[in-house]
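One letter stands for each residue in the lines below.
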Amino acid sequence: MSKDKTEAAPPKKGKMKKLLMITVGAVALIGAGVGAGLYFGVGMAAEAPKPEDHYPKLVVRDPAAEPAAKGEGEEAAAPKVGTVSVPNDKYKVDPRKYEITYYPITQAFTTNLADGSGFLQIGISLSTYYDGKVIANIERQDVPIRSAVLMVLAEQDPALLSTSHGKQQLQRQLTGAINTVLRDKEGFGGIDNVYFTSLVIQ
């Protein structure tokens, strides 16, 4: 009788081990499934980065640097200082809301004029309402920018440059040429205007 009891015990242990192994395996599979679901769920939920996420941003003016605007006896709500994302570099900027940065090009530009009658030498400074990424782009693309500026200058008519209208037209042409280089090389222009720091026609 005791022999029968001893022989019956091992099969019970074997069944328990199998049951335990199946349970552990099921828990491991469930855990792996949950982990994979979370991994792919988070990956799908996170939006893919858009090109504009890497664009320079507009810099909001610091209200502390200006007299406070008041409305009907109460102080008007001050805008938050920070940056604003834009969809592209052709976004219409309100100059009253954003900080402007001037970046002087240290080396002057000298070139012969279109009719061969003399030469033109100018110094320029660039303005932008965007953050430091635009300045970094200008510095990185210094050589193609200088080349584009010299090409525009070489096409100028000295008679037209002697007028205010001609100088304003040259400003617009230089702004367009520099923005074209920045768009081609960096994907974003951001130059608002070009200002003359010196202009000599001889």
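Residues numbered from 1 in each chain as written. Predicted model: local features only at pLDDT ≥ 70, side-chain atom pairs only at ≥ 80, totals over all residues. Heavy atoms only, no water.

### Brief notes about the nonpolar core
Rules: By nonpolar core we mean a set of buried residues, namely Ala, Val, Leu, Ile, Met, Phe, Trp, Tyr and Cys, connected to one another through side-chain atoms within 4.5 Å. Think of it in three bands: residues with accessible area under 20% of the maximum for their type are buried, residues over 50% are exposed, and the middle band is partly exposed, with areas taken using a 1.4 Å probe on protein chains only. Note on conventions: DSSP H or I runs of at least 4 residues are helices, E runs of at least 2 residues are strands, and numbering of each starts at the N terminus. Contacts are residue-level and defined by heavy atoms, with any inter-residue pair within 4.5 Å sufficient.
Ranked by size, the top nonpolar core spans 33 residues in total, and within it I124, L126, I138, V149, L153, L174 and I178 carry the most contacts. Mapped onto this core, the elements with two or more residues apiece are β7 (119-128), α2 (132-140), α3 (142-154) and α5 (164-186). Here the element with the most residues in this core is α5; it accounts for 6 residues. Leave out the neighbours within four places in its chain, and I178 touches I124, L126, I145, V149, I191 and V194.

### Some points on the packing of α3 against α5
Angle between the axes and distance between the axes: these two values describe a pair of packed helices. Going by this rule: Axis definition: a line fitted to C-alpha atoms, limited for helices to the stretch in contact. Angles are taken between N-to-C directions and run from 0 to 180 degrees. In these notes the angle categories are as follows: under 35 degrees is roughly parallel, over 145 is roughly antiparallel, 65 to 115 is roughly perpendicular, and the rest is oblique. Take the far helix as your reference; a near helix turned counterclockwise from it by less than a right angle gives a left-handed crossing, and one turned clockwise gives a right-handed crossing. For this classification, Asp, Glu, Lys and Arg are treated as charged, while Ala, Val, Leu, Ile, Met, Phe, Trp, Tyr, Cys and Pro are nonpolar and the rest, including Gly, are polar.
Between α3 and α5, the least distance of the axes is 9 Å, while the angle of their chain directions is 150°. Accordingly, the angle class assigned to the pair α3 and α5 is roughly antiparallel. As α3 runs across α5, the sense of the crossing is right-handed. In this structure, α3 contributes P144, I145, A148, V149, V152 and L153 to the contact, and α5 contributes L170, Q173, L174, A177, I178, V181, L182 and K185. When the residues that make up the contact of α3 with α5 are grouped by side-chain class, the tally is 12 nonpolar, 1 polar and 1 charged.

### Description of the side chain of T111
Tracing the sequence through the fold places T111 in strand β6 (residues 109-112). Classification of T111 by relative accessible area gives buried; the value is 14%. Setting aside its immediate chain neighbours within four residues, T111 contacts F119, L120, L150, L153 and A154.

### Looking at the pattern of salt bridges
Selection rule: By salt bridge we mean one thing: a side-chain nitrogen of Lys or Arg within 4 Å of a carboxyl oxygen of Asp or Glu.
Tallied over the full model, the rule gives 3 salt bridges. Here D89 ties to R183 by a salt bridge, and the two come within 2.6 Å at their closest N and O atoms. In this pair, D89 is assigned in the loop between β4 (83-84) and β5 (101-104) and R183 in helix α5, connecting sequence segments 94 residues apart. Residue D89 is classed as buried on the basis of its relative accessible area of 16%. Since its relative accessible area comes to 30%, R183 is described here as partly exposed. With its nearest N and O atoms 3.1 Å apart, the salt bridge here joins D94 to R96. The class of R96 is exposed, set by a relative accessible area of 67%.

### So, the packing of aromatic side chains
Selection rule: Two rings from Phe, Tyr or Trp (for Trp, the six-membered ring) form a pair when their centres sit within 6.5 Å of each other. Planes less than 30 degrees apart are called stacked, planes more than 60 degrees apart edge-to-face, and all others tilted.
Per the counting criterion, the structure on display carries 3 aromatic pairs. Here the aromatic rings of Y102 and Y195 are separated by 5.9 Å at their centres, their planes lie at 70°, and the arrangement is edge-to-face. Highlighted residues: Y102 in strand β5 and Y195 in strand β8 (residues 193-201), separated in sequence by 93 residues. Taking the relative accessible area as the measure of exposure, Y102 reaches 48% and is therefore partly exposed. Considering the side-chain rings of Y130 and F188, the 5.0 Å spacing of their centres and the 80° angle between planes classify their relative orientation as edge-to-face. Remark: F188 occurs in the loop between α5 and β8 and Y130 occurs in the loop between β7 and α2; sequence separation between them is 58 residues. Judged by relative accessible area, which is 4%, Y130 ranks as buried. Of the aromatic side chains, those joined through ring pairs into one cluster are Y55, Y130 and F188.

### Regarding α3
Filter applied, for reference: For a helix, the expected span equals 1.5 Å multiplied by the number of residues minus one. Throughout, the arc means that of the directions going from the helix axis to the C-beta atoms.
Here α3 spans 18 Å end to end across 13 residues, near enough to the 18 Å set by a 1.5 Å rise per residue. If you check which residues of α3 are buried, you get I145, R146, A148, V149, V152 and L153. Angularly, the buried residues of α3 cover 165° about the axis, an arc narrow enough to put them on a single face. Seen from the buried face of α3, the exposed residues on the opposite side, beyond 90 degrees, are V143 and M151.

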